[in-house]
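Topology and contacts: notes
These are the residues of each chain, in order.
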Amino acid sequence: MGFNFKSSVIVLFLVAVGILPKATAQETWEKCGFVAAEALLSADYPQEGTVGYFEEWIAERIARQPELNYRSSMTIPVIVHVIYYGEKAGSGANIPYGQVLSQIEVLNEDFNRMPNTNGYNNLDAGADIGITFCPATIAPDGSILDEPGVDRVDGGQLKWTMDQIQATLKPKTYWDPARYLNIWTVYMGTSRRDNVIGYAQFPSASGLDGLNDNGGLAATDGVVIDYRYFGSAEKGNFPNLVSPYDLGRVATHEVGHWLGLRHIWGDGGCGADDYCDDTPGADGPNYDCATHVSCGSRDMVENYMDYTTDACMNVFTQDQKARVIAVLSDSPRRKELLNSDVCEIPVTKRIASTQVNVYPNPTPDAIQVEISNPLEFETAPMYDLALYDPSGRQVLTATATLGAANEVDLGALPAGLYILRVSRADFSVHFKIIKAR
């Protein structure tokens, strides 16, 4: 999937590759471009509705929280548009597949307050939001993706500014945001306003009480992250990642925005509000994990919606969870995502009277292979099983018996995509298998 387009835009190299500029007395650099992105959208598309409109809408939904259709299990399919410029797969901006999987794993740890991971905390206000992010396996045309969760696109240029991303890149590459959470990884531009490492589009609530009828911009809906800050250095050898934002928390922060969360300092001083009572007031962003006191209380530097480094982030609060659930219950596109089926993989194939079932898929450890044929009169005939990695290398062989539950252990294999062949002399079928972490 993808496209190639050329651009005559001249890009100035203002900073060295891989270096996040530091704030000085003369200039302020932003880790997150959410506010700038909102200003850009509001200026170009005033019919979308203002942030104030959104806050009025979400406050009413939170007030009737018990009435909302909260699901104990919520799954959001993810498609990562990997934007590169001629690099071979796995190098430069054309990031390795494992780097994408590591980021999805971090999202699941953080949004589920998962024990024994960096996403766990023991704060009373800490919340398990309960969202599972899965790599999409089905493309918009119905085909099965060779790399679940990934759409590689040669964008025809090296660097991207926010204006270019919004006006050109997103509209030409996005997949239906009612079926996919679109994430773009790019080499971001370095203009004064654009020197950020990620930004997201706020949920649209138009068509609902308190907002105008415009449904928002589907063509720009999603999250953008510089490829050097996407994924976790703890989960693989990904040399592109740049410390101290190399543990996947930039994506957690931006997906938080995409789900309706504000910066914990309310993008103002002590009088500004993030609309969450259990996040202490702050007079501005924090950039490190040290103890900071402002507005009469200790700042919650551990909160994912601050600007602190990845190592100390591990908190979403109960009030932040309430905002997210309100968005997923009522906001157009967000609520529809929960019914998307693009993470499913066909688990049954039939040739003549022989049927093969393979499950679970994706799997973290083992698959079951069941073969049935009501017209087969042989005594427990055997089938050959062979597993191949994406390069075509055979990594596992086994046998399966007709009518039995045949378990195939994948525990020793690295996470990724594999092809399973089930065959005998007159029969052969293939399945795509995802080995999860």
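Reading the values: the criteria
Residues numbered from 1 in each chain as written. Predicted model: local features only at pLDDT ≥ 70, side-chain atom pairs only at ≥ 80, totals over all residues. Heavy atoms only, no water. Helix = DSSP H or I, 4+ residues; strand = E, 2+ residues; numbered from the N terminus. Contact = heavy atoms within 4.5 Å. Areas by Shrake-Rupley, 256 points an atom, 1.4 Å probe, with all protein chains shown as cover. pLDDT = per-residue confidence, 0-100. Core = buried A, V, L, I, M, F, W, Y, C linked by side-chain atoms within 4.5 Å. Buried < 20%, exposed > 50% of the residue type's maximum accessible area, 1.4 Å probe, protein only. Pairing = 2+ DSSP bridges. Salt bridge = Lys/Arg side-chain N within 4 Å of Asp/Glu carboxyl O. Axes fitted to C-alpha atoms, helices over the stretch in contact; angles between N-to-C directions. Phe/Tyr/Trp six-rings, centres within 6.5 Å; stacked < 30°, edge-to-face > 60°. Disulfide = S-S within 2.5 Å.

1. Quick look at the overall build of the protein
Scanning the protein from terminus to terminus reveals seven helices and 16 strands. Look at the contacts in the protein between residues 6 or more apart in sequence, and 68% of them connect residues 24 or more apart. When the accessible surface of the protein is split by element, carbon and sulfur atoms take 52% of a total near 18,000 Å².

2. What about the confidence of the model for the protein?
Regions with low pLDDT carry predicted coordinates that are not meant to be interpreted in detail. On average, the protein scores 81 in pLDDT, and the residues at 70 or more come to 77%. Averaged over each element, pLDDT in the protein is lowest for helix α1 (residues 34-44) (55) and highest for strand β4 (residues 181-186) (98). Under a pLDDT of 50 for its full length, residues 1-29 has, in the predicted model, 57 contacts with residues more than four places off or in other chains. Predicted confidence is poor over residues 66-70, with pLDDT under 50, and the contacts of this stretch with residues over four places away or in other chains come to eight contacts.

3. Let's talk about the nonpolar core
Soluble globular proteins: nonpolar side chains tend toward being buried together. Ranked by size, the top nonpolar core spans 52 residues in total, and within it Ile76, Phe111, Ile131, Phe133, Val255 and Trp258 carry the most contacts. Elements represented by at least two residues in this core include exactly β1 (74-84), α3 (97-111), β2 (131-135), β4, β6 (223-226), α5 (249-258) and α6 (318-330). Phe133 has contacts with Ile76, Val78, Ile104, Leu107, Asn108, Phe111, Leu181 and Val255, leaving out every residue within four places of it along the chain. Of all hydrophobic cores here, the second largest spans 21 residues; its members include Val358, Val369, Leu413 and Leu420.

4. Details of the pairing of strand β10 (residues 354-359)
Counting buried positions over the six residues of β10 gives five, a clear majority of the element. Across five bridges, β10 lies against strand β11 (residues 366-372) in antiparallel orientation. From the neighbouring strand, Gln355 faces β11, where its bridge partner is Ser372. In this structure, the hairpin formed by β10 and β11 is closed by a connection of six residues.

5. Considering the pattern of salt bridges
Summed over all chains, the structure comprises eleven salt bridges. Here Asp221 ties to Arg334 by a salt bridge, and the two come within 2.7 Å at their closest N and O atoms. Remark: Arg334 occurs in helix α7 (residues 334-337) and Asp221 occurs in the loop between β5 (198-200) and β6; sequence separation between them is 113 residues. Among the residues examined, Arg334 registers a relative accessible area of 0% and is labelled buried. One salt bridge connects Asp226 with Arg228, and the closest N-O pair in it is separated by 2.7 Å. According to the relative accessible area criterion, Asp226 is buried, its value standing at 1%.

6. Here's the deal with the sheet that holds strand β15 (residues 416-424)
Spatial ordering of the open sheet is given by β13-β12-β15-β16, a layout of four strands whose pairing is antiparallel. Edge positions in the sheet fall to β13 (394-401) and β16 (427-435), since each has one partner strand and no second. Pairwise comparison of adjacent strand axes, ignoring direction, gives a mean angle of 20° for this sheet. Of the strand pairs in this sheet, β15 and β16 are connected by nine bridges, and their pairing is antiparallel.

7. Remarks on the sheet that holds strand β14 (residues 405-409)
Across the sheet, which stays open at both edges, the four strands sit in the order β9-β10-β11-β14 with antiparallel pairing between neighbours. Each edge of the open sheet carries a strand with a single partner, namely β9 (348-351) and β14. Taking each pair of neighbouring strands and ignoring which way they run, the sheet shows an average axis angle of 20°.

8. Some words on the packing of aromatic side chains
Under the defined criterion, the tally for this structure stands at eight aromatic pairs. With a centroid separation of 6.4 Å and an interplanar angle of 65°, the aromatic rings of Tyr229 and Tyr245 are classed as edge-to-face. Of this pair, Tyr229 sits in the loop between β6 and α5 while Tyr245 sits in the loop between β6 and α5, placing them 16 residues apart in sequence. Across this residue pair, the class does not change: Tyr229 and Tyr245 are buried. The rings of Phe111, Phe133, Tyr304 and Phe316 are connected pair by pair, giving a single aromatic cluster.

9. Digging into the state of the cysteines
Across all of its chains, the model carries three disulfides by this definition. What pairs with Cys270 in a disulfide is Cys295, and their sulfur atoms sit 2.0 Å apart. On the sign convention where negative means left-handed, the S-S torsion of about -90° between Cys270 and Cys295 marks this disulfide as left-handed. Of the two residues, Cys270 is situated in the loop between α5 and β7 (293-294) and Cys295 in the loop between β7 and β8 (297-298); the sequence distance between them amounts to 25 residues. Here Cys270 falls in the partly exposed class, since its relative accessible area comes to 46%. Cys295 sits in the partly exposed class, given a relative accessible area of 33%. Across the disulfide, Cys289 is cross-linked to Cys312 (sulfur-sulfur distance 2.3 Å). Between Cys289 and Cys312 the sulfur-sulfur dihedral comes to about -85°; the bridge is accordingly left-handed.

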